[in-house]
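Chain and residue survey
One-letter residues, chain by chain:
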Amino acid sequence: MINNSLFEKYAIQSTKVDRFFNLTNAYAMNHENFKLFFKRYRDLYIHFYNSNIEKPDIITDFFSSTYFLVEMILATNLYNDNDPCNLGSISNDIQIYSYIVCYCYQWNLFECFVSNLLNDLIRSNKLKIQDTKKLISCKYKTKKMLDALKIILKENPFEHILPFIHPNGKTKFQSIGFTELDTIRKKRNKYVHSILNNNLDDLKISDIQKTYTNDMWLLRCFANNFFLMVKNIINN
């Protein structure tokens with residue numbers, strides 16, 4: 001029997017990765033603002049305690065409770081404008097590397113989820129013998145495994161209809177299929193196997209962010225489709 005919680009666990013973990021991605025990029029896009037805030041805060045803190053002005057308890061408590069937070073962050077040298085190694089923009093780097101890390105991790109989650117379901121399907125003995133043998137031969141070969149699944153299953157789990165909102169405000173539906181899934185796989189492979197040769201620094205950060213969100217929604221849609229198909233085969 002296939003339990004409904006299997007997909008829920010996958011979806012929750014995938015969403016947690018999205019949360020990390022969004023949080024790191026929200027910081028990255030406001031890095032300069034944070035740098036200004038922490039500098040002004042430290043100066044204000046010193047001025048406040050060295051002055052003779054009246055110090056209300058609520059203000060004193062605020063400075064006392066946040067001082068060590070500010071000092072710990074400043075101690076990382078994150079806001080030092082000195083860049084002797086010419087490392088470049090911290091903001092851009094955070095966005096690029098969080099994208100690469102999250103993108104690769106999300107694909108690994110998807111691949112692991114599909115592989116685990118595939119093992120359950122093989123053990124269920126609900127498929128034709130030749131189909132079972134085909135799937136066994138494809139284990140640990142992602143592209144061959146995905147190709148085999150879309151042929152063996154009566155319905156292709158890697159087909160989906162998603163709404164598309166045009167810049168003019170009109171909404172239409174678009175068919176997403178195996179081509180888009182394979183594009184995600186190839187992008188992930190490029191990030192993993194050609195990490196020294198990628199040219200992400202030459203792309204606009206905003207365009208990178210948009211592809212991440214769309215691609216992760218697509219992976220979750222396909223994972224859910226495959227889960228429901230396998231569940232229907234095994235449980236019936």
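In this text the structure is predicted, and so the values were computed from the model without any measurement. Every residue gets a number counted from 1 within its own chain, in the order that chain's sequence is written. Only residues with pLDDT of at least 70 get local features here, since the model is predicted, and only at 80 or more are side-chain atom pairs given and counted; chain-wide, interface and lining totals rely on the full set of residues. Side-chain measures here rest on the full set of heavy atoms in the structure, leaving out hydrogens and waters.

Numbered from the N terminus, helices here are DSSP runs of H or I no shorter than four residues, and strands are runs of E no shorter than two. Counting its regular elements, the protein contains 8 helices and 2 strands. Our radius of gyration looks at C-alpha atoms and nothing else; its globule reference is 2.2 Å times the residue count to the power 0.38. Relative to the 2.2 N^0.38 estimate, which gives 18 Å for 236 residues, the radius of gyration of the protein is 25 Å and therefore markedly larger than a compact globule would have. Expressed along its principal axes, the backbone C-alpha trace of the protein runs to roughly 85 × 40 × 40 Å. Counting over 236 residues, the protein shows a buried share of 37%. Computed with the Shrake-Rupley method and a 1.4 Å probe, the accessible areas treat only the protein chains shown as cover for residues. Accessible area of the protein: about 15,200 Å², with a carbon and sulfur share of 57%. Throughout, exposure labels follow a simple rule: accessible area from a 1.4 Å probe, protein chains only, divided by the maximum for the residue type, with under 20% read as buried, over 50% as exposed, and the rest as partly exposed.

This part is about unusual backbone geometry. Here the phi dihedral of Asn77 falls at roughly 70°; this positive angle occurs in a residue that is not glycine. You can see Asn77 is positioned in the loop between helix 3 (57–74) and helix 4 (90–124). For Asn86, which is not glycine, the phi dihedral falls at a positive 55°. Following the sequence through the fold, Asn86 ends up in the loop between helix 3 and helix 4.

Moving on, we get to helix 3. The α-helix winds at 3.6 residues per turn, so residues separated by three or four positions along the chain end up facing the same way. In a helix, the anticipated span is given by 1.5 Å times the number of residues less one. The first and last C-alpha atoms of helix 3 sit 25 Å apart over 18 residues, in line with the 26 Å expected at 1.5 Å per residue. Two axes define the bend at a residue: one fitted to the seven residues ending there, one fitted to the seven starting there, and the bend is the angle between them. Taken as a whole, helix 3 carries its principal kink of about 35° at Thr66. In what follows, a contact means two residues having at least one pair of non-hydrogen atoms within 4.5 Å. Where helix 3 is buried, its residues touch helix 2 (31–50).

So, about the packing of aromatic side chains. We describe a pair of aromatic rings using the distance from one ring centre to the other and the angle between the two ring planes. When the centres of two rings from Phe, Tyr and Trp lie within 6.5 Å, Trp using its six-membered ring, the rings pair. Their planes under 30 degrees apart give stacked, over 60 give edge-to-face, and anything left gives tilted. Counted by the stated rule, this structure contains 19 aromatic pairs. Taking 5.5 Å as the distance between ring centres and 90° as the angle between the ring planes, the aromatic pair formed by Tyr103 and Tyr191 counts as edge-to-face. Placement of Tyr103 in helix 4 and of Tyr191 in helix 7 (residues 178–193) is noted, with a sequence separation of 88 residues between them. Judged by its relative accessible area of 0%, Tyr103 is buried. Assessed through its relative accessible area of 7%, Tyr191 is described here as buried. One aromatic cluster in this structure is built from Tyr27, Phe34, Phe37, Phe38, Tyr41, Phe62 and Tyr79. Distance and angle both matter: a charge sits over a ring if NZ of Lys or CZ of Arg is within 6 Å of the ring centre and within 35 degrees of the ring normal. Geometry around Trp217 places Arg220 over its ring, the cationic atom sitting 5.4 Å from the centre.

Accessibility expressed as a relative area gives 67% for Asn86, which makes it exposed. Along the primary structure Asn86 and Ile59 are separated by 27 residues, whereas in three dimensions their C-alpha atoms are 40 Å apart.

Let us look at the side chain of Lys35. Of note, Lys35 is situated in helix 2. Note on Lys35: relative accessible area 17%, which makes it buried. In contact with Lys35, other than residues within four places in its own chain, are Tyr79 and Asp81.

Okay, the packing of helix 4 against helix 5 (residues 129–138) next. Look at helix 4 against helix 5: their axes get within 10 Å of each other, and the N-to-C directions meet at 145°. For the element pair helix 4 and helix 5, the recorded crossing hand is left-handed. From helix 4, Leu118, Leu121 and Ile122 reach across to helix 5, where they touch Thr132, Leu135 and Ile136. Polar here means any residue outside two lists: the nonpolar Ala, Val, Leu, Ile, Met, Phe, Trp, Tyr, Cys and Pro, and the charged Asp, Glu, Lys and Arg; Gly therefore counts as polar. Considered class by class, the residues forming the contact of helix 4 with helix 5 number 5 nonpolar, 1 polar and no charged. To obtain an axis, a line is fitted to C-alpha atoms, over the contacting stretch when the element is a helix, and the angle between two such axes runs from 0 to 180 degrees between their N-to-C directions. In a left-handed crossing the near helix is turned counterclockwise from the far helix by less than a right angle, and in a right-handed crossing that turn is clockwise.

Moving on, we come to the nonpolar core. To qualify as a nonpolar core, a set must consist of buried Ala, Val, Leu, Ile, Met, Phe, Trp, Tyr and Cys residues joined through side-chain atoms within 4.5 Å. One finds Tyr99, Phe110, Leu135 and Leu181 to be the most contacted residues of the largest nonpolar core, which totals 52 residues. At the level of secondary structure, the elements contributing two or more residues to this core comprise helix 1 (5–29), helix 4, helix 5, helix 6 (142–152), helix 7 and helix 8 (205–235). Beyond its immediate chain neighbours, meaning those up to four positions away, Leu181 contacts Trp107, Phe110, Leu146, Phe158, Leu219 and Phe222. Core analysis: the second largest hydrophobic core is formed by 7 residues, Tyr41, Tyr45, Phe48 and Val70 among them.

Two numbers describe how helix 4 lies on helix 6: the axes approach to 12 Å, and their chain directions differ by 55°. Relative to helix 6, the element helix 4 is oriented oblique. Viewed along their axes, helix 4 and helix 6 form a crossing whose handedness is left-handed. Taken together, the residues of helix 6 that come into contact with helix 4 (itself represented by Trp107, Glu111, Val114, Ser115 and Leu118) are Thr142, Met145, Leu146 and Leu149. Oblique is the label for every angle not falling under 35 degrees (roughly parallel), over 145 degrees (roughly antiparallel), or within 65 to 115 degrees (roughly perpendicular).

The analysis is restricted to geometry; functional conclusions fall outside its scope.
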